[in-house]
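Listed below are the residues making up each chain.
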Amino acid sequence: MDLSIWFLIGAILVFFMQGGFAVLESGLTRAKNAGNIIMKNLMDFCIGTIMFVFLGAGLLLGEDAFMGLIGKPTLGIFTDFGNYDWSGFFFNLVFCATAATIVSGAMAERTKFLSYCIYSAIISLVVYPIEAHWVWGPDGWLTAKGYIDFAGSSVIHMVGGVTSLIGAAILGPRLGKYGIDPKTGKKVSRAIPGHNLVIAALGCFLLWFCWYGFNGAAASSVENLGAILVNTTIAPAAATVAVMLFTWIKNGKPDVSMSLNGSLAGLVAITAPCSSVDALGALIIGLVAGILVDIVVEVVDKKFHIDDPVGAIAVHGANGLWGTLAVGLFATDSIPDAVSGVTGDAAKGLFYGGGWGQLGIQALGVLAILVWTVVTMTIVFFIIKKTVGLRVTAEEEIIGLDITEHALPSAYGGFIFAPDALDYTSSELARYEAPNVDVPVEAAVTVESTAKKGAKITKVTVLTNPQKYAQLATALDGIGITGITVTNVHGYGMQKGNTTIYRGVKVETKLLPKIQVDIVICKVPTDLLVKTVQDALYTGKIGDGKIFISDVEDVVKVRTGESGYDALQDE
């Protein structure tokens with residue numbers, strides 16, 4: 001077998017990981033942001049390619065300019081294309097793009113698209129190429145010391161995971177992600193489920209398939225390639241079984257989305273040691289990765305209150321770290337064409353009679369890459385935050401980034417989705433920026449009443465935009481409304497729908513999605529309810545909504561047989 005051809009085929013598989021990340025991330029987030037997720041995964045590769053051509057490739061692959069710390073930039077791809085190392089360039093380019101795309105999922109659903117393009121470009125331009133040069137560049141200083149990261153547990157995944165941690169912490173959580181437990185007064189995490197686990201699972205399988213190229217592309221022989229592929233199968237399989245059993249015991253049921261994360265955690269963890277460990281080592285590395293990913297997801301979310309919608313911090317950050325250190329524990333010289341380590345011969349880990357030397361250099365390398373990533377990306381995120389801004393407005397986040405960032409009504413044409421059933425805090429909704437208008441609230445929100453004065457039981461029906469549900473539900477809760485019914489409906493008013501742009505062509509939509517909120521009250525004054533709804537929905541724009549008020553003859557609670565006032569009271 002010609003391994004030079006396999007080298008390029010493996011690189012092509014790594015490129016296709018962009019598709020795996022795109023569907024995985026979109027499936028684990030909400031439908032209103034699916035188009036934005038797809039766009040980010042497309043553009044981080046395209047923008048990253050341009051950045052890598054002009055500077056990144058030189059910093060990574062150029063001859064050393066200073067003690068193995070940085071490559072000397074060159075434009076040889078333009079000035080001497082005929083003699084340029086095209087294969088090496090393409091191979092390193094697709095790996096660079098992977099480091100950038102990891103961050104997308106952790107900061108999903110609330111990041112400005114412009115800001116994402118900027119920091120993604122910087123990762124491909126400077127951050128990744130410099131630290132990758134230490135390990136994979138000509139005479140990189142970590143390689144010279146015997147540091148082993150065969151395919152990028154630290155160089156790619158840990159860097160992406162740590163960047164995700166920094167970015168998500170600075171950015172802040174999605175609206176409604178955390179609330180206060182009324183019993184304990186403590187901050188608690190709320191689940192925001194992804195909209196499509198089917199395509200998330202497809203993303204997991206695509207990534208696993210492409211990982212055989214990710215880990216195996218640089219194999220030095222057919223025998224070495226076979227060992228790498230076996231390890232790249234055993235570790236994620238063990239990790240997936242481990243996390244399935246762990247969540248089953250802990251929660252009473254095996255967790256589907258966490259099992260998907262488990263597969264990826266095992267793949268990340270085996271990436272550095274895939275050419276240095278045997279089957280037993282791969283099995284243990286995978287088992288630890290499966291437990292570790294679940295623990296870190298919960299610690300990051302519940303203890304540190306950092307919102308990571310897809311688990312990138314745990315999958316890539318924690319397990320990139322673990323996999324790199326695992327080289328120093330499980331490396332063996334029995335694998336065909338094993339990688340040379342700190343002694344200059346095939347590496348041997350602590351558990352295989354090699355002593356502490358390899359583990360020590362692995363720890364040094366991890367520390368150096370961590371420091372570089374934390375310092376550079378913290379500076380990058382703070383500069384972006386203070387200039388163009390990192391986060392969209394609360395209004396844009398509630399409506400969804402597809403429509404607000406890309407003028408895309410939905411990534412799923414012809415489908416309608418239920419509004420977010422989240423309880424937003426008053427401080428979160430305070431960020432919702434309503435426009436300053438001259439139209440009085442009484443003129444903007446129509447109230448049509450068919451009620452008889454003094455009615456005992458009253459039904460109030462509100463028709464409004466689905467995006468307004470969050471602030472409406474919060475407002476109703478504030479006046480003691482304990483039960484509502486929400487229905488997805490379609491309709492139009494005097495304007496007969498609206499017009500958007502799709503691929504440069506106007507799209508006329510006559511029937512617009514609305515929500516119908518029905519509230520039956522007896523104890524809460526009707527005037528208070530109407531005023532509360534008006535205040536919650538008012539922007540002064542056409543489409544704020546309508547309120548219909550009517551009498552209810554009677555109400556019967558089926559379970560108890562109570563009727564009238566008693567049927568509407570909580571126990």
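Check the entry above for the structure.
What follows concerns the overall build of the chain. Of the regular secondary structure elements, the chain holds 19 helices and nine strands. Counting the 571 residues in the chain, one finds 51% classified as buried. Of the contacts formed within the chain by residues at least 6 apart in sequence, a portion of 78% connects residues at least 24 apart. Just so you have it, the chain exposes about 25,100 Å², and 64% of that area is on carbon and sulfur atoms.

All told, the structure shown has one cavity of 30 Å³ or more when counted by the stated rule. The wall of the largest cavity is formed by F21, L24, E25, I102, N261, L264, V310, G311, A312, V315 and H316. Put simply, the parts of the chain that give the lining of the largest cavity at least two residues each are α1 (3-27), α10 (256-271) and α12 (312-330). When the residues that make up the lining of the largest cavity are grouped by side-chain class, the tally is seven nonpolar, three polar and one charged.

Turning our eyes to something else, we now look at the layout of surface pockets. By volume, the second largest pocket is sized at about 670 Å³. What lines the second largest pocket is a set of 33 residues, among which K177, S257, M258, V297 and D301 lie closest to the centre. Among the elements of the structure, α9 (222-251), α10, α11 (279-303) and α12 are those that each provide at least two residues to the lining of the second largest pocket. When residues in the lining of the second largest pocket are grouped by element, the largest group, seven residues, is from α11. Residue classes in the lining of the second largest pocket are distributed as 14 nonpolar, eight polar and 11 charged.

This part covers the packing of α1 against helix α2 (residues 34-61). Packed helices, taken two at a time, are described by their axes: the angle between them and the distance between them. Contact geometry for α1 and α2: axes closest at 9 Å, N-to-C directions at 160°. With respect to their mutual orientation, α1 and α2 come out roughly antiparallel. Every pair of crossing elements has a handedness; the one defined by α1 and α2 is right-handed. Residue-level contacts link F15, Q18, F21, A22, E25 and S26 of α1 to A34, I37, N41, D44 and F45 of α2. Counted by class, the contact of α1 with α2 contains six nonpolar, three polar and two charged residues.

Moving on: helix α7 (residues 153-171). Helix length check: α7, at 19 residues, gives a terminal C-alpha distance of 25 Å against a target of 27 Å (1.5 Å per residue), a fit within 8%. Among the 19 residues that make up α7, 17 are buried, leaving the element largely enclosed by the rest of the structure. Just downstream of α7, G172 is the residue with a positive phi angle, here 90°.

Further remarks concern the packing of aromatic side chains. In this structure the tally under the stated criterion is 16 aromatic pairs. An angle of 45° between the planes, with centres 5.4 Å apart, marks the rings of F52 and F89 as tilted. Of the two residues, F52 is situated in helix α2 and F89 in helix α4 (residues 86-106); the sequence distance between them amounts to 37 residues. The pair formed by F52 and F89 is uniform in burial state, with each residue classed as buried.

So, on to the side chain of R391. As for its placement among the helices and strands, R391 is situated in the loop between α13 (357-386) and α14 (394-399). Among the polar contacts made by the side chain of R391, one reaches the main-chain carbonyl oxygen of G172 at a distance of 3.2 Å. There is a polar contact of 2.6 Å between the side chain of R391 and the backbone oxygen of P173.

Time to look at the pattern of salt bridges. Charged atoms that come close allow side chains of opposite charge to pair. Applying the stated rule across the entire model yields 11 salt bridges. E298 is the partner of K302 in a salt bridge, and the nearest nitrogen-oxygen pair spans 3.5 Å. Taken as a pair, K302 and E298 lie in helix α11 at a separation of four residues, close to a single helical turn. We note a salt bridge from D535 to K531, for which the minimum N-O separation is 2.7 Å. Taken as a pair, D535 and K531 lie in helix α19 (residues 526-537) at a separation of four residues, close to a single helical turn. Judged by relative accessible area, which is 44%, D535 ranks as partly exposed.

Rules and cut-offs
- Residues numbered from 1 in each chain as written.
- Predicted model: local features only at pLDDT ≥ 70, side-chain atom pairs only at ≥ 80, totals over all residues.
- Heavy atoms only, no water.
- Helix = DSSP H or I, 4+ residues; strand = E, 2+ residues; numbered from the N terminus.
- Buried < 20%, exposed > 50% of the residue type's maximum accessible area, 1.4 Å probe, protein only.
- Contact = heavy atoms within 4.5 Å.
- Areas by Shrake-Rupley, 256 points an atom, 1.4 Å probe, with all protein chains shown as cover.
- 1 Å grid on protein atoms, 1.4 Å probe; cavity = no way out; pocket = protein on both sides within 12 Å on 5 of 7 lines; lining within 4 Å.
- Points joined across faces, edges and corners; volume = space filled by probe spheres on them.
- Nonpolar A, V, L, I, M, F, W, Y, C, P; charged D, E, K, R; others polar.
- Axes fitted to C-alpha atoms, helices over the stretch in contact; angles between N-to-C directions.
- Parallel < 35°, antiparallel > 145°, perpendicular 65-115°, else oblique.
- Left-handed = near helix turned anticlockwise from the far one by under 90°.
- Expected span 1.5 Å × (residues − 1).
- Phe/Tyr/Trp six-rings, centres within 6.5 Å; stacked < 30°, edge-to-face > 60°.
- Polar contact = N/O pair within 3.5 Å; in protein donor to acceptor, adjacent residues only side chain to side chain.
- Salt bridge = Lys/Arg side-chain N within 4 Å of Asp/Glu carboxyl O.

So yeah, pure geometry; function would need other evidence.
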